[in-house]
Amino acid sequence: MNRHQQRRNPCIKKLISFALTLILALTLLCASAFAEAIDRSGDWYADLYGFTLRLTLNPDGSYTNAIEGEDPDSGIWEMAGTDVLLDRGTSDEMVLVYDAGSDSLYADIDGEDLLFFREPPVEFEMAAPRAGIVTLEDMGGSWTTKMLCMLGTHMTPAQVQLSLDLRIDGSSAELTFIIDGEATTITAGGNFSGNALVLRMTNTEISEEYTMNVQLLADGTMSATTDMFGEEIIFVLEAA
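Residues numbered from 1 in each chain as written. Predicted model: local features only at pLDDT ≥ 70, side-chain atom pairs only at ≥ 80, totals over all residues. Heavy atoms only, no water.

In this structure, Leu-166, Leu-175, Leu-199, Met-212, Val-214, Met-222 and Phe-235 are the most contacted members of the largest nonpolar core, which totals 31 residues. Looking at this core, the elements with two or more residues in it are β9 (141-150), β11 (162-169), β12 (172-179), β13 (182-193), β14 (196-203), β15 (208-216), β16 (222-228) and β17 (231-239). Here Val-214 is in contact with Met-139, Leu-166, Ile-168, Asn-195, Ala-196, Leu-197, Leu-199, Met-222, Ser-223 and Ala-224, once residues within four sequence places are set aside. Counting residues in each nonpolar core, the second largest holds 19 residues, with Leu-55, Val-84, Met-94 and Ala-107 among its members. (Core = buried A, V, L, I, M, F, W, Y, C linked by side-chain atoms within 4.5 Å. Buried < 20%, exposed > 50% of the residue type's maximum accessible area, 1.4 Å probe, protein only. Helix = DSSP H or I, 4+ residues; strand = E, 2+ residues; numbered from the N terminus. Contact = heavy atoms within 4.5 Å.)

Bringing the pattern of salt bridges into the picture now. Any two side chains of opposite charge can pair, given that their charged atoms come close. In this structure the tally under the stated criterion is two salt bridges. When the shortest N-O distance is used, the salt bridge between Glu-78 and Arg-88 registers 2.8 Å. Of the two residues, Glu-78 sits in strand β4 (residues 73-80) while Arg-88 sits in the loop between β5 (83-86) and β6 (94-99), which places them 10 residues apart along the sequence. On the accessibility criterion, Glu-78 (29% relative accessible area) is partly exposed. Its relative accessible area of 46% is what places Arg-88 among the partly exposed residues. One salt bridge in this structure joins Arg-167 and Glu-174, with 3.7 Å as the shortest N-O distance. (Salt bridge = Lys/Arg side-chain N within 4 Å of Asp/Glu carboxyl O.)

Take the sheet that holds β5 next. Spatial ordering of the open sheet is given by β1-β2-β3-β4-β5-β6-β7-β8, a layout of eight strands whose pairing is antiparallel. Each having just a single partner strand, β1 (42-48) and β8 (112-116) make up the two edges of the open sheet. Ignoring which end each strand starts from, the neighbouring axes of this sheet average 30° apart. As defined by bridge partners, strand β7 (residues 104-109) adjoins β8 across five bridges and the pair is classed as antiparallel. Within β8, the residue paired with Leu-105 across the bridge is Phe-116. (Pairing = 2+ DSSP bridges. Axes fitted to C-alpha atoms, helices over the stretch in contact; angles between N-to-C directions.)

Structure (structure tokens):
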């Protein structure tokens, strides 16, 4: 696989924390990974267009990078502080940024943002929106995060240490974002139209408004979709 077009992207946790900071007009601290460097050897998995990409960091300093049905790439790796550095000094040199909170490695491979976890990607398919007429009463009550869809990958709240608890009362809602175990709650007003509740959150410091589109799904779950700096994040919620 041709790889390694580096961009100055932050780790995904920092992206999420920064985005939520602007939404909430608060300072949400991202978990740091400045502890003593440790061995990252072993298998790491990412989802790439529905295929599993497996990165194997061998204890002898070699690695293989394989996707289903293709021959693996190989090279050398080493620790760079808390991060992983592949192919130092070559045209393929790339840093995989480690996040301690989610125990993940972030990489930009040919312009694709990838998150590598210790476990293979979760198999998950989000249901379609519920057909027929949906009322605000149908959406009322408390909901909690079952899955997140982000960067083309399905992740559990535990994997990224991020979740949303949502309580809907009429056309308003209380949103509690939980990052690294710390909760921040805001209240948002909304407008119900076309079977969807559109919640609006305003950052008064920069006079910018953010929206979250909430819909009931056919399997009884709920989707809450927002866009944070060009990155669509979908919270799939189940009744609490």
